[in-house]
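Each chain is listed here by its residues.
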Amino acid sequence: GENVEQHPSTLSVQEGDSAVIKCTYSDSASNYFPWYKQELGKRPQLIIDIRSNVGEKKDQRIAVTLNKTAKHFSLHITETQPEDSAVYFCAAPGGSFGNEKLTFGTGTRLTIIP
Amino acid sequence: DAGITQSPRYKITETGRQVTLMCHQTWSHSYMFWYRQDLGHGLRLIYYSAAADITDKGEVPDGYVVSRSKTENFPLTLESATRSQTSVYFCASMSEVVYNEQFFGPGTRLTVL
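On a predicted model such as this, the values are computed, not experimentally measured, just so you know.

Student: What am I meant to see in the interface of chain A and chain B here?
Tutor: Reports often express the size of an interface as the amount of accessible area lost when the parts come together. Taken together, the 20 residues of chain A in the interface contact 25 residues of chain B. In total, about 1900 Å² of surface goes out of reach between chain A and chain B, with carbon and sulfur atoms giving 55% of it. At the junction of chain A with chain B, the criterion picks out 0 salt bridges. Counting across the interface, chain A meets chain B through 4 residue pairs in polar contact (both at pLDDT 80 or more). Listed by contribution, the elements that provide at least two residues to the side of chain A that touches chain B are strand 4 (32-38), strand 5 (45-51), strand 9 (86-93) and strand 10 (102-104) of chain A. Per-class residue counts for the side of chain A that touches chain B are 9 nonpolar, 6 polar and 5 charged.

Right, dumping it as structure tokens:
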């Protein structure tokens, strides 16, 4: 089945600096790669996603890059702010569950240091 | 996100009791999912449903039962709760039109004593 690995598990960044979180996946047929942000005690919320026909997508301070050959994708947050502190999850579809279901990474706890 | 709700938000129960967690969505999404979230494991799929009366197992289905008689509701039942089922449970829904984009409910924190 699909296997999604996410690194690092924790990340501390000085306010204003950039943060990068990386994920790898195993199913070469996967074609959709979302990133979710989860604040403490809240639900996961989709912040950005990318489909396999593009290599990069940006939305203000966040961007996602995809390398289908290497089967990895990354979340980039620039000019980090205190409100970026949260747990971030990557995900990929496919594997034994089929394309309509997502397999999630184990999460990265991002802490922005003021 | 107000379109998907879960109840109760918090539940304490005892080992061996039956517990049902409710999930309701107002978007008429075809797909609905149940996840559990535990530290170090991220979000793991328990069961999912592609439409009313169509359900299937996910990664960790043992000890859980689901049903989907109506499109908008997807209850999750723990037939005989165990301490290992202490977790935060999230329901999610997805449109068959915007494929793969899942919207999560607020979660239910379940403690089994």
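Student: What should I look at first to understand the sheet that holds strand 6 (residues 56-59) of chain A in this one?
Tutor: Strands in a sheet are paired, the pairing made by backbone hydrogen bonds, and the direction either parallel or antiparallel. Residue and element names in this part refer to chain A. The antiparallel open sheet is built from 5 strands, whose spatial order is 1-3-8-7-6. One side of each edge strand has no neighbouring strand; the edge strands of this open sheet are strand 1 (4-7) and strand 6. Geometrically, the sheet is characterised by an average inter-axis angle of 15 degrees between neighbouring strands, direction not taken into account. Strand direction decides the pairing type here: strand 7 (residues 62-67) and strand 8 (residues 72-77), joined by 6 bridges, are antiparallel. Opposite T65, over in strand 8, you have S74 as the bridge partner.

Student: Just to check I follow, could you spell out the nonpolar core for this structure?
Tutor: Considering soluble globular proteins, one finds that nonpolar side chains tend to be buried as a cluster. All names here are of chain A. W35 and F73 are the most contacted members of the largest nonpolar core, which has 22 residues in total. Put simply, the parts of the chain that give this core at least two residues each are strand 3 (19-25), strand 4, strand 5, strand 7, strand 8, strand 9 and strand 11 (108-113). For F73, the contacting residues outside a window of four places in its chain are I21, K22, C23, Y25, F33, P34, W35, T65, L66, C90 and A91.

Student: Would you mind going over the pairing of strand 5 (residues 42-51) of chain B with me for this structure?
Tutor: A regular strand carries its side chains on alternate faces of the sheet. Residue and element names in this part refer to chain B. With 8 of 10 residues buried, strand 5 lies mostly within the body of the structure. In the sheet, strand 4 (residues 31-38) pairs with strand 5 via 7 bridges, with the strands oriented antiparallel. Counted as the bridge partner of Q37 is L43 from strand 5. Between the end of strand 4 and the start of strand 5, which pair antiparallel, lie 3 residues, with G40 showing a positive phi angle near 85 degrees. Bridge count for strand 5 against strand 6 (residues 54-57) is 4 bridges, and the pairing is antiparallel. Note that in strand 6 the partner of A51 across the bridge is I54. In sequence, strand 5 turns back onto strand 6 through a hairpin of 2 residues, with D53 there showing a positive phi of about 70 degrees.

Student: Even after reading the chapter, I still don't get the environment of A:K71, so can you show me in this structure?
Tutor: Residue and element names in this part refer to chain A. By the secondary structure assignment, K71 is in the loop between strand 7 and strand 8. Sequence separation of K71 and S28 is 43 residues, and the distance between their C-alpha atoms is 7.1 Å. If we skip the residues at most four places from it in the chain, K71 touches C23, T24, Y25, S26 and S28. Looking at K71, its side chain comes within polar contact range of the main-chain oxygen of S26, at 3.1 Å.

Calculation rules
Residues numbered from 1 in each chain as written. Chains lettered and ligands numbered in written order. Predicted model: local features only at pLDDT ≥ 70, side-chain atom pairs only at ≥ 80, totals over all residues. Heavy atoms only, no water. Contact = heavy atoms within 4.5 Å. Buried area = accessible area lost by both parts, 1.4 Å probe. Salt bridge = Lys/Arg side-chain N within 4 Å of Asp/Glu carboxyl O. Polar contact = N/O pair within 3.5 Å; in protein donor to acceptor, adjacent residues only side chain to side chain. Helix = DSSP H or I, 4+ residues; strand = E, 2+ residues; numbered from the N terminus. Nonpolar A, V, L, I, M, F, W, Y, C, P; charged D, E, K, R; others polar. Pairing = 2+ DSSP bridges. Axes fitted to C-alpha atoms, helices over the stretch in contact; angles between N-to-C directions. Core = buried A, V, L, I, M, F, W, Y, C linked by side-chain atoms within 4.5 Å. Buried < 20%, exposed > 50% of the residue type's maximum accessible area, 1.4 Å probe, protein only.

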